[in-house]
Amino acid sequence: MSSTSMSPPRETVAGAFDVESLMRADLPPAAARWTGFPEFNLVGGHNDAASVPVDGLIEAATRVLQREGPTLSTYGLASGPLGYLPLREFIVRKLARDAGIRCTPDEVLITSGSLQGLDLVNDVFLAPGDTVVVEDMNYAGTLSRLKRRGANIVGVPLDSGGMRIDALDAALADLARRGIRPKFIYTIPTVQNPTATVMSTERRAQLLELSARYGVPIFEDECYADLTWDGVRPQALRGMPGGDRVVHIGSFSKTIAPALRIGYLVAGWPLMGRILALKTDGGTGALEQMVLAEYCATHFDSHVKALRATLRRKVEILMAAIRDSFGAAATFADPTGGIFLWMALPQPVDTTRLAQVALQAGVAINPGAEWMTDGDAGRSWLRVCFAHPDEPTMRNGLARLAEVCRREFDVPAAVGGVHAGGGSRTPLPPPSVGEGRDGGCVRNSP
Ligand SMILES: Cc1ncc(COP(=O)(O)O)c(C=O)c1O
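Okay, so let's go over this structure. As the structure is a computational prediction, the values presented were derived from the model and not from experiment.

The rules behind each value
- Residues numbered from 1 in each chain as written.
- Predicted model: local features only at pLDDT ≥ 70, side-chain atom pairs only at ≥ 80, totals over all residues.
- Core = buried A, V, L, I, M, F, W, Y, C linked by C-beta atoms within 7 Å.
- Buried ≥ 20, exposed ≤ 12 C-beta atoms within 10 Å, placed from the backbone.
- Helix = DSSP H or I, 4+ residues; strand = E, 2+ residues; numbered from the N terminus.
- Domains from an automatic or database assignment.
- Contact = placed C-beta atoms within 7 Å.
- Axes fitted to C-alpha atoms, helices over the stretch in contact; angles between N-to-C directions.
- Parallel < 35°, antiparallel > 145°, perpendicular 65-115°, else oblique.
- Nonpolar A, V, L, I, M, F, W, Y, C, P; charged D, E, K, R; others polar.
- Expected span 1.5 Å × (residues − 1).
- Bend = angle between axes of the 7 residues up to and from the residue.
- Near = placed C-beta within 6 Å.

1. Brief notes about the nonpolar core
Part 1 of the argument: In terms of nonpolar packing, the biggest core is built from 117 residues, with Leu292, Met343 and Val384 touching the most fellow members.
Part 2 of the argument: A total of 17 residues in this core trace back to one element, the largest contributor, which is helix α10 (residues 286-326).
Part 3 of the argument: In terms of domain composition, this core takes at least three residues from each of domain 1 (54-299) and domain 2 (301-428).
Part 4 of the argument: Excluding residues within four positions of it along the chain, Val384 makes contact with Leu42, Leu318, Phe340, Leu341, Met343 and Ile365.

Given below as C-alpha coordinates:
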(Lines give C-alpha, C1' and ligand atoms only; values in the text may rest on other atoms or scores of the structure.)
Protein backbone atom coordinates (compact mmCIF):
# COMPACT_ATOMS: atom_id res chain seq x y z
CA MET A 1 0.00 0.00 0.00
CA SER A 2 1.38 3.39 -0.91
CA SER A 3 1.86 6.06 1.69
CA THR A 4 -0.73 8.21 -0.09
CA SER A 5 -3.50 5.60 0.27
CA MET A 6 -2.76 5.31 4.03
CA SER A 7 -3.20 9.04 4.73
CA PRO A 8 -6.31 9.86 6.79
CA PRO A 9 -9.06 11.94 5.17
CA ARG A 10 -8.21 15.63 5.16
CA GLU A 11 -11.22 16.43 7.32
CA THR A 12 -9.89 14.22 10.14
CA VAL A 13 -6.64 16.09 10.24
CA ALA A 14 -8.40 19.43 10.15
CA GLY A 15 -10.73 18.32 12.98
CA ALA A 16 -13.86 19.10 10.96
CA PHE A 17 -15.06 15.50 11.05
CA ASP A 18 -18.47 14.96 12.71
CA VAL A 19 -17.61 12.49 15.46
CA GLU A 20 -20.77 12.95 17.54
CA SER A 21 -22.95 11.35 14.85
CA LEU A 22 -20.83 8.18 15.01
CA MET A 23 -21.27 7.70 18.75
CA ARG A 24 -23.61 5.18 20.39
CA ALA A 25 -27.13 6.51 20.85
CA ASP A 26 -27.35 5.39 24.48
CA LEU A 27 -24.37 7.30 25.89
CA PRO A 28 -24.86 9.18 29.18
CA PRO A 29 -24.71 12.99 29.04
CA ALA A 30 -21.18 14.28 28.46
CA ALA A 31 -19.11 15.08 31.55
CA ALA A 32 -18.37 18.73 32.23
CA ARG A 33 -14.76 19.90 32.37
CA TRP A 34 -13.41 19.99 35.92
CA THR A 35 -12.93 23.55 37.09
CA GLY A 36 -11.53 22.87 40.56
CA PHE A 37 -13.14 22.25 43.94
CA PRO A 38 -15.69 24.72 45.29
CA GLU A 39 -14.78 26.87 48.31
CA PHE A 40 -16.88 24.68 50.66
CA ASN A 41 -16.65 21.14 49.35
CA LEU A 42 -19.10 18.97 51.29
CA VAL A 43 -19.70 16.33 48.61
CA GLY A 44 -18.26 13.02 47.53
CA GLY A 45 -16.35 10.38 49.42
CA HIS A 46 -13.07 12.25 49.95
CA ASN A 47 -11.14 11.52 53.10
CA ASP A 48 -9.28 13.54 55.73
CA ALA A 49 -6.09 14.82 54.05
CA ALA A 50 -4.05 14.96 57.26
CA SER A 51 -4.88 11.30 57.96
CA VAL A 52 -3.31 9.93 54.78
CA PRO A 53 -0.30 8.00 56.15
CA VAL A 54 2.17 9.64 53.78
CA ASP A 55 5.38 8.75 55.64
CA GLY A 56 4.33 5.13 56.09
CA LEU A 57 3.42 4.87 52.41
CA ILE A 58 6.79 6.36 51.38
CA GLU A 59 8.66 3.82 53.51
CA ALA A 60 6.50 0.98 52.22
CA ALA A 61 6.99 2.05 48.60
CA THR A 62 10.75 2.25 48.98
CA ARG A 63 11.00 -1.13 50.68
CA VAL A 64 8.75 -3.03 48.31
CA LEU A 65 10.26 -1.47 45.19
CA GLN A 66 13.79 -2.24 46.32
CA ARG A 67 12.79 -5.82 46.99
CA GLU A 68 10.41 -6.58 44.13
CA GLY A 69 10.63 -3.71 41.62
CA PRO A 70 11.67 -5.91 38.67
CA THR A 71 8.39 -7.88 38.91
CA LEU A 72 6.71 -4.77 37.44
CA SER A 73 8.01 -6.06 34.10
CA THR A 74 5.09 -8.50 33.89
CA TYR A 75 1.35 -7.82 33.77
CA GLY A 76 -0.04 -8.96 37.10
CA LEU A 77 3.43 -8.95 38.73
CA ALA A 78 4.25 -12.55 39.57
CA SER A 79 0.81 -13.05 41.12
CA GLY A 80 -1.55 -13.69 38.18
CA PRO A 81 -4.74 -11.88 37.20
CA LEU A 82 -6.42 -11.85 40.64
CA GLY A 83 -3.90 -9.31 41.95
CA TYR A 84 -0.78 -9.04 44.11
CA LEU A 85 -0.69 -12.13 46.30
CA PRO A 86 0.58 -10.53 49.54
CA LEU A 87 -2.31 -8.03 49.37
CA ARG A 88 -4.85 -10.80 48.82
CA GLU A 89 -3.30 -12.69 51.75
CA PHE A 90 -3.63 -9.60 53.95
CA ILE A 91 -7.31 -9.24 52.95
CA VAL A 92 -7.95 -12.93 53.70
CA ARG A 93 -6.47 -12.55 57.22
CA LYS A 94 -8.29 -9.29 57.87
CA LEU A 95 -11.68 -10.54 56.66
CA ALA A 96 -11.33 -13.69 58.79
CA ARG A 97 -10.52 -11.70 61.91
CA ASP A 98 -12.82 -8.66 61.47
CA ALA A 99 -15.72 -9.86 59.33
CA GLY A 100 -15.88 -13.59 60.05
CA ILE A 101 -15.30 -14.43 56.37
CA ARG A 102 -13.36 -17.62 55.63
CA CYS A 103 -11.92 -17.45 52.13
CA THR A 104 -8.74 -18.29 50.27
CA PRO A 105 -6.57 -15.86 48.24
CA ASP A 106 -8.05 -17.47 45.10
CA GLU A 107 -11.45 -16.14 46.12
CA VAL A 108 -10.22 -12.54 46.34
CA LEU A 109 -9.93 -10.32 43.27
CA ILE A 110 -8.17 -6.95 43.57
CA THR A 111 -10.14 -4.31 41.66
CA SER A 112 -9.65 -0.66 40.67
CA GLY A 113 -11.68 0.60 43.61
CA SER A 114 -14.83 -1.19 44.65
CA LEU A 115 -16.54 0.68 41.79
CA GLN A 116 -14.89 -1.77 39.42
CA GLY A 117 -16.29 -4.55 41.61
CA LEU A 118 -19.75 -3.03 41.19
CA ASP A 119 -19.31 -2.87 37.43
CA LEU A 120 -18.05 -6.44 37.19
CA VAL A 121 -20.93 -7.89 39.21
CA ASN A 122 -23.40 -5.86 37.18
CA ASP A 123 -21.70 -7.08 33.99
CA VAL A 124 -22.16 -10.69 35.04
CA PHE A 125 -25.79 -10.44 36.08
CA LEU A 126 -27.60 -7.55 34.44
CA ALA A 127 -29.23 -7.12 31.05
CA PRO A 128 -31.67 -4.25 30.36
CA GLY A 129 -35.00 -4.89 32.08
CA ASP A 130 -33.58 -7.13 34.80
CA THR A 131 -34.75 -6.50 38.34
CA VAL A 132 -32.56 -5.73 41.36
CA VAL A 133 -33.64 -5.08 44.92
CA VAL A 134 -31.83 -2.34 46.88
CA GLU A 135 -32.19 -0.16 49.98
CA ASP A 136 -34.40 2.76 48.90
CA MET A 137 -31.93 5.34 50.24
CA ASN A 138 -28.73 4.36 48.47
CA TYR A 139 -25.29 5.17 47.11
CA ALA A 140 -25.76 7.36 44.02
CA GLY A 141 -22.89 5.54 42.27
CA THR A 142 -24.85 2.31 42.51
CA LEU A 143 -28.18 3.82 41.50
CA SER A 144 -26.75 5.64 38.48
CA ARG A 145 -25.03 2.44 37.31
CA LEU A 146 -28.22 0.42 37.63
CA LYS A 147 -30.24 3.08 35.79
CA ARG A 148 -27.69 3.29 33.01
CA ARG A 149 -28.04 -0.46 32.48
CA GLY A 150 -31.81 -0.16 32.22
CA ALA A 151 -32.38 -2.23 35.38
CA ASN A 152 -35.75 -2.27 37.09
CA ILE A 153 -34.80 -1.00 40.57
CA VAL A 154 -37.01 -2.04 43.49
CA GLY A 155 -36.35 0.08 46.60
CA VAL A 156 -36.87 -1.36 50.08
CA PRO A 157 -37.33 1.14 52.94
CA LEU A 158 -34.87 1.37 55.83
CA ASP A 159 -35.32 2.16 59.48
CA SER A 160 -32.52 3.03 61.86
CA GLY A 161 -31.52 -0.68 61.81
CA GLY A 162 -30.93 -0.72 58.05
CA MET A 163 -32.96 -2.48 55.35
CA ARG A 164 -36.39 -3.50 56.72
CA ILE A 165 -36.72 -7.25 56.41
CA ASP A 166 -40.53 -7.24 56.55
CA ALA A 167 -40.58 -4.83 53.59
CA LEU A 168 -37.98 -6.92 51.74
CA ASP A 169 -40.08 -10.04 52.24
CA ALA A 170 -43.15 -8.22 50.91
CA ALA A 171 -41.22 -6.92 47.88
CA LEU A 172 -39.79 -10.36 47.03
CA ALA A 173 -43.20 -12.00 47.47
CA ASP A 174 -44.80 -9.41 45.20
CA LEU A 175 -42.13 -9.94 42.54
CA ALA A 176 -42.49 -13.73 42.80
CA ARG A 177 -46.27 -13.42 42.34
CA ARG A 178 -45.56 -11.52 39.13
CA GLY A 179 -43.10 -14.19 37.96
CA ILE A 180 -40.06 -11.94 38.46
CA ARG A 181 -36.87 -13.33 40.01
CA PRO A 182 -34.51 -10.46 40.84
CA LYS A 183 -30.87 -10.88 39.85
CA PHE A 184 -29.63 -9.88 43.30
CA ILE A 185 -30.35 -8.00 46.51
CA TYR A 186 -27.76 -5.21 46.83
CA THR A 187 -27.09 -4.04 50.37
CA ILE A 188 -24.61 -1.87 52.27
CA PRO A 189 -25.20 -3.46 55.67
CA THR A 190 -22.51 -1.78 57.78
CA VAL A 191 -22.53 2.03 57.91
CA GLN A 192 -24.93 2.27 55.03
CA ASN A 193 -24.46 5.04 52.47
CA PRO A 194 -26.11 7.53 52.94
CA THR A 195 -27.97 6.68 56.18
CA ALA A 196 -24.96 5.35 58.19
CA THR A 197 -27.21 2.64 59.65
CA VAL A 198 -25.83 -0.74 60.73
CA MET A 199 -27.85 -3.90 60.16
CA SER A 200 -27.93 -6.24 63.16
CA THR A 201 -26.72 -9.84 62.96
CA GLU A 202 -30.30 -10.99 63.53
CA ARG A 203 -31.48 -9.06 60.48
CA ARG A 204 -28.55 -10.35 58.43
CA ALA A 205 -29.62 -13.92 59.22
CA GLN A 206 -33.17 -13.08 58.15
CA LEU A 207 -31.88 -11.52 54.96
CA LEU A 208 -29.91 -14.69 54.17
CA GLU A 209 -33.00 -16.75 54.89
CA LEU A 210 -35.04 -14.68 52.40
CA SER A 211 -32.25 -14.97 49.84
CA ALA A 212 -32.46 -18.78 50.14
CA ARG A 213 -36.26 -18.85 50.13
CA TYR A 214 -36.61 -16.72 46.98
CA GLY A 215 -33.44 -17.97 45.23
CA VAL A 216 -31.93 -14.48 44.98
CA PRO A 217 -28.20 -13.92 45.62
CA ILE A 218 -26.94 -11.06 47.80
CA PHE A 219 -24.46 -8.40 46.73
CA GLU A 220 -22.81 -7.00 49.88
CA ASP A 221 -20.94 -3.67 49.64
CA GLU A 222 -18.82 -3.03 52.74
CA CYS A 223 -16.43 -0.13 52.21
CA TYR A 224 -17.24 1.62 55.54
CA ALA A 225 -17.30 -1.40 57.85
CA ASP A 226 -13.94 -0.56 59.48
CA LEU A 227 -15.16 2.89 60.40
CA THR A 228 -17.75 2.29 63.14
CA TRP A 229 -16.96 4.60 66.08
CA ASP A 230 -16.96 1.81 68.63
CA GLY A 231 -14.79 -0.47 66.52
CA VAL A 232 -17.54 -3.06 66.45
CA ARG A 233 -19.01 -4.50 63.28
CA PRO A 234 -21.45 -7.37 62.83
CA GLN A 235 -20.24 -10.41 60.97
CA ALA A 236 -20.36 -9.91 57.20
CA LEU A 237 -23.18 -11.64 55.33
CA ARG A 238 -20.53 -13.47 53.29
CA GLY A 239 -19.18 -15.01 56.52
CA MET A 240 -22.52 -16.26 57.87
CA PRO A 241 -24.26 -19.60 57.20
CA GLY A 242 -25.57 -19.37 53.62
CA GLY A 243 -22.90 -16.78 52.82
CA ASP A 244 -21.77 -18.71 49.76
CA ARG A 245 -24.67 -16.98 47.97
CA VAL A 246 -23.12 -13.57 48.76
CA VAL A 247 -20.69 -11.60 46.61
CA HIS A 248 -18.76 -9.25 48.89
CA ILE A 249 -16.88 -6.10 47.89
CA GLY A 250 -14.66 -3.86 50.00
CA SER A 251 -12.19 -1.05 49.53
CA PHE A 252 -9.14 0.76 50.88
CA SER A 253 -10.61 4.10 49.74
CA LYS A 254 -12.19 4.97 53.07
CA THR A 255 -9.50 3.52 55.34
CA ILE A 256 -6.32 4.58 53.53
CA ALA A 257 -6.97 6.83 50.49
CA PRO A 258 -9.51 6.89 47.63
CA ALA A 259 -7.01 8.06 45.01
CA LEU A 260 -5.13 4.75 45.31
CA ARG A 261 -8.12 3.10 43.60
CA ILE A 262 -7.78 -0.26 45.31
CA GLY A 263 -10.79 -2.36 46.18
CA TYR A 264 -11.49 -6.08 46.33
CA LEU A 265 -14.18 -8.59 45.54
CA VAL A 266 -14.76 -11.89 47.34
CA ALA A 267 -16.62 -14.66 45.52
CA GLY A 268 -16.38 -18.41 45.24
CA TRP A 269 -15.59 -20.29 42.07
CA PRO A 270 -17.08 -20.80 39.49
CA LEU A 271 -18.60 -17.29 39.83
CA MET A 272 -15.12 -15.82 40.26
CA GLY A 273 -14.18 -17.35 36.90
CA ARG A 274 -17.08 -15.52 35.26
CA ILE A 275 -16.13 -12.24 36.91
CA LEU A 276 -12.44 -12.60 36.08
CA ALA A 277 -13.25 -13.24 32.42
CA LEU A 278 -14.84 -9.77 32.29
CA LYS A 279 -11.88 -7.98 33.91
CA THR A 280 -9.99 -7.16 30.76
CA ASP A 281 -7.93 -4.20 31.97
CA GLY A 282 -4.58 -6.00 32.15
CA GLY A 283 -4.60 -5.92 35.95
CA THR A 284 -5.28 -3.39 38.70
CA GLY A 285 -2.53 -0.77 39.30
CA ALA A 286 0.40 -2.83 40.59
CA LEU A 287 2.39 -0.24 42.53
CA GLU A 288 -0.63 0.71 44.62
CA GLN A 289 -1.24 -2.93 45.47
CA MET A 290 2.40 -3.50 46.45
CA VAL A 291 2.58 -0.38 48.60
CA LEU A 292 -0.71 -1.16 50.34
CA ALA A 293 0.29 -4.75 51.12
CA GLU A 294 3.60 -3.58 52.54
CA TYR A 295 2.04 -0.76 54.59
CA CYS A 296 -1.06 -2.58 55.82
CA ALA A 297 0.76 -5.68 57.08
CA THR A 298 2.14 -3.70 60.01
CA HIS A 299 0.25 -0.38 60.17
CA PHE A 300 -3.38 -0.91 59.14
CA ASP A 301 -4.80 -1.42 62.65
CA SER A 302 -3.12 1.55 64.33
CA HIS A 303 -3.87 3.78 61.35
CA VAL A 304 -7.57 2.92 61.28
CA LYS A 305 -7.88 3.34 65.03
CA ALA A 306 -6.52 6.90 64.76
CA LEU A 307 -8.67 7.60 61.68
CA ARG A 308 -11.84 6.53 63.49
CA ALA A 309 -11.08 8.96 66.32
CA THR A 310 -10.43 11.79 63.83
CA LEU A 311 -13.64 11.13 61.94
CA ARG A 312 -15.63 10.98 65.18
CA ARG A 313 -14.22 14.40 66.16
CA LYS A 314 -15.09 15.78 62.76
CA VAL A 315 -18.69 14.59 62.81
CA GLU A 316 -19.13 16.30 66.18
CA ILE A 317 -17.96 19.54 64.56
CA LEU A 318 -20.33 19.06 61.65
CA MET A 319 -23.31 18.30 63.90
CA ALA A 320 -22.59 21.43 65.95
CA ALA A 321 -22.29 23.48 62.75
CA ILE A 322 -25.65 22.18 61.49
CA ARG A 323 -27.34 22.96 64.81
CA ASP A 324 -25.85 26.46 64.83
CA SER A 325 -26.87 27.23 61.26
CA PHE A 326 -30.14 25.35 60.78
CA GLY A 327 -31.34 24.83 64.35
CA ALA A 328 -34.54 22.81 64.62
CA ALA A 329 -35.05 22.92 60.86
CA ALA A 330 -32.49 20.16 60.27
CA THR A 331 -33.23 16.58 61.21
CA PHE A 332 -30.50 13.97 61.34
CA ALA A 333 -29.26 10.97 63.28
CA ASP A 334 -25.80 10.94 64.86
CA PRO A 335 -24.01 8.60 62.39
CA THR A 336 -22.69 5.28 63.71
CA GLY A 337 -19.50 5.73 61.72
CA GLY A 338 -18.22 6.49 58.23
CA ILE A 339 -17.74 9.82 56.52
CA PHE A 340 -21.26 11.12 55.78
CA LEU A 341 -24.19 12.69 57.54
CA TRP A 342 -27.65 12.30 56.00
CA MET A 343 -30.07 15.05 56.93
CA ALA A 344 -33.61 16.16 56.15
CA LEU A 345 -34.90 19.72 55.84
CA PRO A 346 -38.57 20.75 55.98
CA GLN A 347 -40.78 19.98 52.97
CA PRO A 348 -40.60 23.34 51.16
CA VAL A 349 -36.89 22.78 50.57
CA ASP A 350 -36.00 21.19 47.27
CA THR A 351 -32.37 20.12 47.77
CA THR A 352 -31.74 19.69 44.04
CA ARG A 353 -32.52 23.39 43.59
CA LEU A 354 -30.67 24.20 46.81
CA ALA A 355 -27.57 22.36 45.54
CA GLN A 356 -27.58 24.41 42.35
CA VAL A 357 -27.94 27.75 44.08
CA ALA A 358 -25.53 26.84 46.87
CA LEU A 359 -22.87 25.88 44.34
CA GLN A 360 -23.05 29.36 42.85
CA ALA A 361 -22.35 30.58 46.40
CA GLY A 362 -19.37 28.21 46.69
CA VAL A 363 -20.99 25.38 48.69
CA ALA A 364 -21.27 21.88 47.21
CA ILE A 365 -23.76 19.40 48.72
CA ASN A 366 -25.20 16.10 47.51
CA PRO A 367 -28.97 16.51 46.93
CA GLY A 368 -31.15 13.67 48.25
CA ALA A 369 -32.95 12.94 44.97
CA GLU A 370 -29.77 11.31 43.63
CA TRP A 371 -29.53 9.08 46.73
CA MET A 372 -32.99 7.54 46.62
CA THR A 373 -34.65 5.04 44.33
CA ASP A 374 -37.65 7.39 44.29
CA GLY A 375 -36.05 10.76 43.57
CA ASP A 376 -39.19 12.67 44.64
CA ALA A 377 -38.99 11.11 48.10
CA GLY A 378 -35.44 12.47 48.43
CA ARG A 379 -36.53 16.03 47.63
CA SER A 380 -35.79 17.47 51.07
CA TRP A 381 -32.80 15.32 52.01
CA LEU A 382 -29.13 16.02 51.56
CA ARG A 383 -25.83 14.30 52.28
CA VAL A 384 -22.81 16.05 53.75
CA CYS A 385 -19.27 14.60 53.85
CA PHE A 386 -17.43 15.49 57.05
CA ALA A 387 -14.20 13.57 56.43
CA HIS A 388 -12.59 15.96 53.97
CA PRO A 389 -13.51 19.51 55.03
CA ASP A 390 -11.67 21.09 57.94
CA GLU A 391 -13.44 22.79 60.85
CA PRO A 392 -13.68 26.32 59.34
CA THR A 393 -14.95 24.84 56.06
CA MET A 394 -17.70 22.96 57.87
CA ARG A 395 -18.71 25.90 60.08
CA ASN A 396 -18.59 28.56 57.36
CA GLY A 397 -19.93 26.23 54.69
CA LEU A 398 -23.00 25.32 56.74
CA ALA A 399 -23.58 28.98 57.62
CA ARG A 400 -23.40 29.90 53.93
CA LEU A 401 -25.71 27.00 53.02
CA ALA A 402 -28.27 28.11 55.61
CA GLU A 403 -28.10 31.66 54.25
CA VAL A 404 -28.81 30.45 50.71
CA CYS A 405 -31.55 28.10 51.93
CA ARG A 406 -33.25 30.92 53.86
CA ARG A 407 -33.15 33.17 50.82
CA GLU A 408 -34.60 30.51 48.50
CA PHE A 409 -37.04 28.65 50.78
CA ASP A 410 -37.39 30.71 53.97
CA VAL A 411 -35.80 27.79 55.85
CA PRO A 412 -34.53 28.06 58.51
CA ALA A 413 -37.10 30.75 59.23
CA ALA A 414 -35.50 34.10 60.21
CA VAL A 415 -33.13 34.19 63.17
CA GLY A 416 -35.71 33.14 65.73
CA GLY A 417 -36.09 29.78 63.97
CA VAL A 418 -32.52 28.78 64.73
CA HIS A 419 -32.22 27.64 68.28
CA ALA A 420 -30.06 25.25 70.20
CA GLY A 421 -31.36 21.76 70.68
CA GLY A 422 -32.52 21.34 67.08
CA GLY A 423 -31.18 18.74 64.74
CA SER A 424 -31.32 15.88 67.18
CA ARG A 425 -34.42 14.01 66.04
CA THR A 426 -33.73 10.88 64.09
CA PRO A 427 -35.21 11.03 60.60
CA LEU A 428 -35.51 7.23 60.27
CA PRO A 429 -37.97 5.20 62.35
CA PRO A 430 -36.44 2.88 64.99
CA PRO A 431 -36.31 -0.90 64.47
CA SER A 432 -39.27 -2.88 65.79
CA VAL A 433 -39.24 -3.73 69.50
CA GLY A 434 -36.84 -6.50 70.53
CA GLU A 435 -34.41 -5.96 67.68
CA GLY A 436 -30.92 -5.10 68.85
CA ARG A 437 -27.88 -3.97 66.95
CA ASP A 438 -25.00 -5.73 68.57
CA GLY A 439 -25.73 -9.44 68.74
CA GLY A 440 -22.82 -11.35 67.21
CA CYS A 441 -20.68 -8.28 66.53
CA VAL A 442 -17.01 -8.59 65.79
CA ARG A 443 -14.77 -5.97 67.43
CA ASN A 444 -12.81 -4.06 64.80
CA SER A 445 -9.07 -3.97 64.87
CA PRO A 446 -7.88 -2.15 68.03
C1 LIG B 1 -21.29 2.18 49.10
C2 LIG B 1 -20.13 2.47 48.22
N3 LIG B 1 -19.68 1.52 47.39
C4 LIG B 1 -18.65 1.73 46.59
C5 LIG B 1 -17.99 2.95 46.57
C6 LIG B 1 -16.83 3.14 45.64
O7 LIG B 1 -15.63 3.23 46.32
P8 LIG B 1 -14.20 2.97 45.69
O9 LIG B 1 -14.37 2.67 44.23
O10 LIG B 1 -13.42 4.20 45.91
O11 LIG B 1 -13.66 1.79 46.41
C12 LIG B 1 -18.41 3.98 47.41
C13 LIG B 1 -17.75 5.28 47.41
O14 LIG B 1 -18.14 6.24 48.02
C15 LIG B 1 -19.51 3.72 48.26
O16 LIG B 1 -19.98 4.65 49.10
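Next comes the rest of the description.
2. Topic: the packing of helix α7 (residues 165-177) against helix α8 (residues 201-214)
Part 1 of the argument: Close contact between α7 and α8 brings their axes to 10 Å; oriented N to C, the two are set at 5 degrees. Comparing the axis directions of α7 and α8 gives the class roughly parallel. Residue-level contacts link Ile165, Leu168, Asp169, Leu172 and Ala176 of α7 to Arg203, Gln206, Leu207, Leu210 and Tyr214 of α8.
Part 2 of the argument: Taken together, the residues of the contact of α7 with α8 break down into seven nonpolar, one polar and two charged.

3. A word on helix α4 (residues 85-99)
Part 1 of the argument: The first and last C-alpha atoms of α4 sit 20 Å apart over 15 residues, in line with the 21 Å expected at 1.5 Å per residue.
Part 2 of the argument: Just past α4, the residue Gly100 takes up positive phi, approximately 70 degrees.

4. Regarding α10
Part 1 of the argument: Compared with the 60 Å implied by 1.5 Å per residue over 41 residues, the 46 Å span of α10 between its first and last C-alpha is markedly short.
Part 2 of the argument: Its axis deflected by about 75 degrees at His299, α10 carries its strongest bend there.
Part 3 of the argument: Downstream of α10 by a residue or two, Gly327 has a phi angle that is positive, lying close to 55 degrees.

5. Examining the site of the ligand
Part 1 of the argument: Neighbouring residues of the ligand: 14 residues in total, closest Gly45, Gly113, Leu115, Ser251 and Ser253.
Part 2 of the argument: With three residues, helix α5 (residues 113-125) is the single largest residue contributor to the shell around the ligand.
Part 3 of the argument: Its residues assigned to classes, the shell around the ligand comprises five nonpolar, eight polar and one charged.

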